[in-house]
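Spelled out from the first residue to the last, the chains are:
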Amino acid sequence: MQDKDRSSMGQPPRPDNEFLVAFEKNSKKAVDSWVQTGKLPSDAKAIAAFLRQPELDLAGVGNYIGEGDDLCIAVLSEFVRFFDFFELGFDDAMRKFLAGFRLPGEAQKIDRIMHAFASQFH
């Protein structure tokens, strides 16, 4: 299935090897590049869905959703909405959430991510 066909069906495009290498080095730059070239829609929900793909580097996903610019914050908000924490205890919900990415090392990024988690968990 072509990426344009996937997009029209509401599915995110599949990352190619070149993108995966770039994403591992600098996730923000790689995603921004795909948005600018039209390979990825620029709306937060589409980017959040794209970041849920298993072939993406988990550390890169964490770095991207932890960024502080407006788009990344909107993507983080949409990203946490993909998780259903209904009837889960805090520890199980946190485990489920953290399985989708790796927490970045920067305190401000962790703070943004944990605030988003808390708003979805509550």
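Residues numbered from 1 in each chain as written. Predicted model: local features only at pLDDT ≥ 70, side-chain atom pairs only at ≥ 80, totals over all residues. Heavy atoms only, no water.

Caption draft 1: Region of the structure containing helix H6 (residues 70-81). The first and last C-alpha atoms of H6 sit 17 Å apart over 12 residues, in line with the 16 Å expected at 1.5 Å per residue. Among the residues making up H6, those that are buried are Cys72, Val75, Leu76, Glu78, Phe79 and Val80. In this structure, the buried residues of H6 make contact with helix H3 (27-36), helix H4 (44-50), helix H5 (58-66), helix H7 (90-98) and helix H8 (107-121). A side-chain oxygen of the first residue of H6 lies 3.1 Å from the backbone nitrogen of Leu71; this N-cap is Asp69. (Helix = DSSP H or I, 4+ residues; strand = E, 2+ residues; numbered from the N terminus. Expected span 1.5 Å × (residues − 1). Buried < 20%, exposed > 50% of the residue type's maximum accessible area, 1.4 Å probe, protein only. Contact = heavy atoms within 4.5 Å. Polar contact = N/O pair within 3.5 Å; in protein donor to acceptor, adjacent residues only side chain to side chain.)

Caption draft 2: How the structure looks around the environment of Trp34. In this structure, Trp34 sits in helix H3. Taking the relative accessible area as the measure of exposure, Trp34 reaches 6% and is therefore buried. The sequence separation of Trp34 and Pro15 amounts to 19 residues, and the corresponding C-alpha distance is 9.6 Å. Excluding residues that lie within four positions of it along the chain, Trp34 makes contacts with Pro13, Arg14, Pro15, Asp16, Phe19, Lys39, Leu40 and Phe50.

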